[in-house]
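Residue-level structural notes
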Amino acid sequence: MERVIIIGSGPAGLTAAVYAARANLQPLVLAGGMYGGQLMLTTEVENYPGFPEGILGPDLMLKFREQAERFGARVENVDVTEVDFSGRPLIVRTEQAEYQAQTVIVATGASARWLGVPGEEALRGRGVSTCATCDGAFFREKHIVVVGGGDSAMEEALFLTRFGTRVTVIHRREDLRASKVMAQRVRSHPKIDFIWNTVIEEILGQEHVTGLRLRNLRDESVFEFACDAVFIAIGHDPNTGIFRGRLDLDERGYVRVTGESGSNVDGVFIAGDVSDLRYRQAITAAGAGCRAAMDAERYLEALEYQMESAAPLT
Ligand code: NAP
């Protein structure tokens, strides 16, 4: 029986692991096949306090992991396939094993959204990507498109200027959702241009991306646009598939938090982007991980106290 199982290994999960481990709860972190969460797919993180020069996302996550392991957290790179929260103990299953736990911290985060247009799936890895850090270097001296108007799209566009001869941002509106600083950096970059009020209808190409079929939303004109790669940066969806019917989810699929970090199931605590549509920052996720671990610790203490009080005197 585990005292704490943490599902997920982004800033929320690994911060929960640091706190639970330091509370001597020897947490088991089921980290997913690829540990580290979304920061594994970013470049420079400039807004995580404590790193005035900035730090690469994967380097930051390695530090999180090392810190958790230093205090006795066990991190396993496996995917959770099923949970059963209908009774006690709480059950968490992977392909290989079944675990029992007194408490579970859900920190499964969110994943990049896809456009769902023809050509997108067929050309994934052949010019279609959601990760500039992973795939940008394949497009040296090429014309690259980025889709989206948020901070992620701006970050991707700026990063891709290292490789591409030209980077075109395609956005469905005329206003950027991105923060002013990021938007300003992108707007003033000599290698970046914009196509406004336009959506992608189809990604074109046989072996690799050769262009896009675009639709202008103002005049409904449809036209082809030549490019070599398209990076999709249109937001994220919470990773809550395995919790459907087990945890209370809102209409967008985010876990509903009750109280501080609790859920509709006693002993199941929630942290990070899996329940956060609003902030979605590494630092807010880390803070939420800390809260969830402290709440789990208090819950376990109360449970032990109850069991001791109920034990017959000998
Ligand atoms: P976001 O802020 O939700 O932006 C998503 C963008 O994609 C929006 O511009 C949206 O258009 C567009 N979009 C959504 N669905 C689309 C579709 N089907 N077709 C075409 N366009 C679509 O997501 P994000 O950029 O991933 O950022 C998420 C959060 O992380 C934000 O809070 C952001 O500030 C933060 N973030 C911060 C940094 C940083 O500070 N360095 C970096 C990355 C992300 P509309 O604008 O029309 O809705």
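Residues numbered from 1 in each chain as written. Predicted model: local features only at pLDDT ≥ 70, side-chain atom pairs only at ≥ 80, totals over all residues. Heavy atoms only, no water.

1. With respect to the domain arrangement of the protein chain
Interface size is often expressed as the accessible area that is lost when the parts come together. For the protein chain, the domain assignment lists domain 1 (2-112 + 236-310) and domain 2 (128-232). The gap between the C-alpha centroids of domain 1 and domain 2 is 33 Å. At the interface, 7 residues of domain 1 touch 8 residues of domain 2. Among the residues of domain 1 in contact with domain 2, Leu-41, Thr-43 and Ala-112 are the three that bury the most area, contributing 66% of the side total. The residue Arg-185 makes a salt bridge to Glu-46 at a minimum N-O spacing of 3.7 Å. (Domains from an automatic or database assignment. Contact = heavy atoms within 4.5 Å. Buried area = accessible area lost by both parts, 1.4 Å probe. Salt bridge = Lys/Arg side-chain N within 4 Å of Asp/Glu carboxyl O.)

2. Comments concerning the site of the ligand
Around the ligand, 19 residues are found, and the nearest of them are Gly-149, Asp-151, Ser-152, Arg-173 and Arg-177. Between the ligand and Gly-150 there is a distance of 3.4 Å, counted from an oxygen atom to a backbone nitrogen or oxygen. Protein chains bury 78% of the 920 Å² of accessible surface belonging to the ligand in isolation. No other element matches the 3 residues that helix H4 (residues 151-160) contributes to the shell around the ligand. Residue composition of the shell around the ligand, by class: 4 nonpolar, 9 polar and 6 charged. Two domains each donate at least three residues to the shell around the ligand, and these are domain 1 (2-112 + 236-310) and domain 2 (128-232). (Near = heavy atom within 4 Å. Polar contact = N/O pair within 3.5 Å; in protein donor to acceptor, adjacent residues only side chain to side chain. Areas by Shrake-Rupley, 256 points an atom, 1.4 Å probe, with all protein chains shown as cover. Helix = DSSP H or I, 4+ residues; strand = E, 2+ residues; numbered from the N terminus. Nonpolar A, V, L, I, M, F, W, Y, C, P; charged D, E, K, R; others polar.)

3. Points about the environment of Asp-79
Along the chain, the position of Asp-79 falls in the loop between strand E5 (74-76) and strand E6 (80-84). Expressed as a C-alpha distance, the spacing of Asp-79 and Leu-30, which sit 49 residues apart in the sequence, is 6.8 Å. With sequence-adjacent residues up to four places away left out, Asp-79 is seen in contact with Gly-32, Gly-33, Thr-94 and Glu-95. A distance of 3.1 Å separates a polar atom in the side chain of Asp-79 from the backbone nitrogen of Gly-33.

4. Things to note about the state of the cysteines
Following the criterion strictly, the structure yields 0 disulfides and no others. Summary of cysteine pairing: Cys-227 is not part of a disulfide, and the nearest cysteine sulfur, belonging to Cys-131, is at 18 Å. You can call Cys-227 buried: its relative accessible area is 2%. (Disulfide = S-S within 2.5 Å. Buried < 20%, exposed > 50% of the residue type's maximum accessible area, 1.4 Å probe, protein only.)

5. With respect to the pairing of strand E1 (residues 2-7)
By the criterion of burial, E1 is predominantly enclosed, with 5 of the 6 residues buried. Bridging between E1 and strand E2 (residues 28-30) involves 3 bridges; their strand directions are parallel. Paired with Ile-6 across the two strands is Val-29, which belongs to E2. (Pairing = 2+ DSSP bridges.)

6. Quick word on the sheet that holds strand E15 (residues 211-216)
If you trace the 3 strands from one edge of the open sheet to the other, you get E14-E15-E16, paired in antiparallel fashion. Both edges of this open sheet fall to strand E14 (198-204) and strand E16 (222-226), since each of them pairs with a single strand only. Adjacent strand axes in the sheet meet at a mean angle of 30°, parallel and antiparallel pairs treated alike. (Axes fitted to C-alpha atoms, helices over the stretch in contact; angles between N-to-C directions.)

7. Notes on the layout of surface pockets
The calculated volume of the second largest pocket comes to roughly 240 Å³. Surrounding the second largest pocket, Thr-15, Val-18, Tyr-19, Arg-22, Tyr-48, Phe-51, Leu-60, Lys-63, Phe-64, Gln-67 and Ala-286 form its lining. Grouping the amino acids of the lining of the second largest pocket by side-chain chemistry returns 7 nonpolar, 2 polar and 2 charged. (1 Å grid on protein atoms, 1.4 Å probe; cavity = no way out; pocket = protein on both sides within 12 Å on 5 of 7 lines; lining within 4 Å. Points joined across faces, edges and corners; volume = space filled by probe spheres on them.)

8. Here we look at the pattern of salt bridges
Tallying each qualifying case throughout the model produces 15 salt bridges. With a closest N to O distance of 3.2 Å, Glu-69 and Arg-65 form a salt bridge. Of this pair, Glu-69 and Arg-65 both sit in helix H2 (residues 57-70), separated by 4 residues, roughly a single helical turn. Looking at Glu-69, the relative accessible area reads 34%, which means it is partly exposed. Note that Glu-201 and Arg-215 form a salt bridge whose closest N and O atoms lie 2.5 Å from each other. Here the residue Glu-201 occupies a position in strand E14, and Arg-215 occupies one in strand E15, the gap between them amounting to 14 residues. For Glu-201, a relative accessible area of 23% corresponds to the partly exposed category. Through salt bridges that share partners, Glu-201, Glu-202, Arg-213, Arg-215 and Glu-220 make up one connected network.

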